[in-house]
Amino acid sequence: MANFRERDRKSIPQWPAKPVKRAAFTRHGGRDDEGMIGTYTCLGPVAYVTNEGEKPIVITWNLQGEMPADVYLSASAVPR
(Lines give C-alpha, C1' and ligand atoms only; values in the text may rest on other atoms or scores of the structure.)
Protein backbone atom coordinates (compact mmCIF):
# COMPACT_ATOMS: atom_id res chain seq x y z
CA MET A 1 0.00 0.00 0.00
CA ALA A 2 2.85 2.41 0.77
CA ASN A 3 4.22 2.01 -2.78
CA PHE A 4 0.85 2.93 -4.25
CA ARG A 5 0.62 6.08 -2.12
CA GLU A 6 4.16 7.18 -3.04
CA ARG A 7 3.41 6.63 -6.75
CA ASP A 8 0.07 8.47 -6.41
CA ARG A 9 1.75 11.40 -4.62
CA LYS A 10 4.32 11.75 -7.40
CA SER A 11 1.57 11.95 -10.04
CA ILE A 12 0.00 15.06 -8.45
CA PRO A 13 0.98 18.15 -10.47
CA GLN A 14 3.31 20.44 -8.57
CA TRP A 15 3.17 24.25 -8.41
CA PRO A 16 4.48 25.60 -11.76
CA ALA A 17 8.23 26.29 -11.89
CA LYS A 18 7.69 29.29 -14.18
CA PRO A 19 5.61 32.28 -13.05
CA VAL A 20 2.01 32.00 -14.18
CA LYS A 21 -0.23 35.02 -14.62
CA ARG A 22 -3.52 34.66 -12.77
CA ALA A 23 -6.55 36.88 -12.50
CA ALA A 24 -9.47 36.87 -10.08
CA PHE A 25 -13.10 37.17 -11.12
CA THR A 26 -16.19 37.53 -8.99
CA ARG A 27 -19.91 37.92 -9.48
CA HIS A 28 -22.84 38.85 -7.35
CA GLY A 29 -24.51 35.63 -6.22
CA GLY A 30 -28.13 36.64 -6.59
CA ARG A 31 -30.42 36.94 -9.55
CA ASP A 32 -31.71 40.19 -10.97
CA ASP A 33 -35.39 41.15 -11.44
CA GLU A 34 -35.55 39.12 -14.67
CA GLY A 35 -34.08 35.98 -13.06
CA MET A 36 -30.69 36.34 -14.73
CA ILE A 37 -27.48 35.57 -12.83
CA GLY A 38 -25.08 38.51 -12.66
CA THR A 39 -22.10 38.97 -14.94
CA TYR A 40 -18.52 38.45 -13.82
CA THR A 41 -16.34 41.36 -12.70
CA CYS A 42 -12.60 41.05 -13.30
CA LEU A 43 -10.65 42.05 -10.19
CA GLY A 44 -7.37 42.00 -12.13
CA PRO A 45 -4.10 40.17 -11.61
CA VAL A 46 -3.43 38.38 -8.33
CA ALA A 47 -0.37 36.96 -6.58
CA TYR A 48 -0.42 33.79 -4.49
CA VAL A 49 0.14 34.42 -0.75
CA THR A 50 -0.63 31.17 1.10
CA ASN A 51 -2.97 28.21 1.39
CA GLU A 52 -4.17 26.04 4.25
CA GLY A 53 -6.47 23.11 4.89
CA GLU A 54 -8.00 20.70 2.47
CA LYS A 55 -11.57 19.90 1.55
CA PRO A 56 -12.14 22.82 1.54
CA ILE A 57 -8.80 24.45 0.83
CA VAL A 58 -8.41 28.13 1.67
CA ILE A 59 -6.18 30.06 -0.74
CA THR A 60 -5.16 33.64 0.01
CA TRP A 61 -4.47 35.87 -2.98
CA ASN A 62 -3.14 39.42 -3.05
CA LEU A 63 -4.93 41.69 -5.51
CA GLN A 64 -2.47 43.75 -7.55
CA GLY A 65 -4.94 46.64 -7.86
CA GLU A 66 -7.88 48.05 -5.97
CA MET A 67 -11.18 46.24 -5.82
CA PRO A 68 -14.08 48.27 -7.28
CA ALA A 69 -16.00 50.00 -4.47
CA ASP A 70 -19.35 48.36 -5.25
CA VAL A 71 -17.77 44.90 -5.26
CA TYR A 72 -15.91 45.63 -2.03
CA LEU A 73 -19.10 46.69 -0.25
CA SER A 74 -20.93 43.51 -1.22
CA ALA A 75 -18.03 41.07 -0.68
CA SER A 76 -18.56 38.66 2.20
CA ALA A 77 -14.91 37.49 2.44
CA VAL A 78 -13.42 40.97 2.80
CA PRO A 79 -12.14 41.73 6.31
CA ARG A 80 -14.18 44.48 7.96
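First, a word on scope: everything that follows refers to the structure included in this document. Treat the numbers as computed from the prediction; the structure is a model and nothing was measured. For every chain, the first residue of the written sequence is number 1, and numbering continues from 1 onward in sequence order. Local features in a predicted model are, by the rule used here, given only for residues with pLDDT of at least 70; side-chain atom pairs are given and counted only at 80 or more, and totals for whole chains, interfaces and linings are based on all residues. Side-chain numbers come from the whole structure's heavy atoms, not from hydrogens or water.

Turning next to the overall build of the protein. The number of helices and strands found in the protein is two helices and three strands. Scanning the protein from its N terminus toward the C terminus, one meets helices and strands in the order α-β-β-β-α. In the protein, once contacts between residues fewer than 6 apart in sequence are set aside, the share between residues at least 24 apart is 15%. Note that accessible areas follow from Shrake-Rupley with a 1.4 Å probe, and for residues the cover is restricted to the protein chains shown. Here the protein displays about 7,500 Å² of accessible surface, and carbon together with sulfur accounts for 55% of that area. Secondary structure follows DSSP: runs of H or I at least 4 residues long count as helices, runs of E at least 2 residues long count as strands, and numbering of each begins at the N terminus. What makes two residues a contact is simply this: any of their non-hydrogen atoms within 4.5 Å.

Lys 55 connects to Pro 56 through a cis peptide bond whose omega is 5°. Locating Pro 56 in the fold gives a position in the loop between β2 (41–52) and β3 (58–63). Phi is positive for Lys 55, which is not a glycine, with a value near 50°. The topology assignment puts Lys 55 in the loop between β2 and β3. For Lys 55, a relative accessible area of 80% corresponds to the exposed category. With a 1.4 Å probe rolled over the protein chains alone, any residue whose accessible area is under 20% of its type maximum counts as buried; one over 50% counts as exposed, and the rest are partly exposed.

Treat this as a map of the structure, not an account of what it does.
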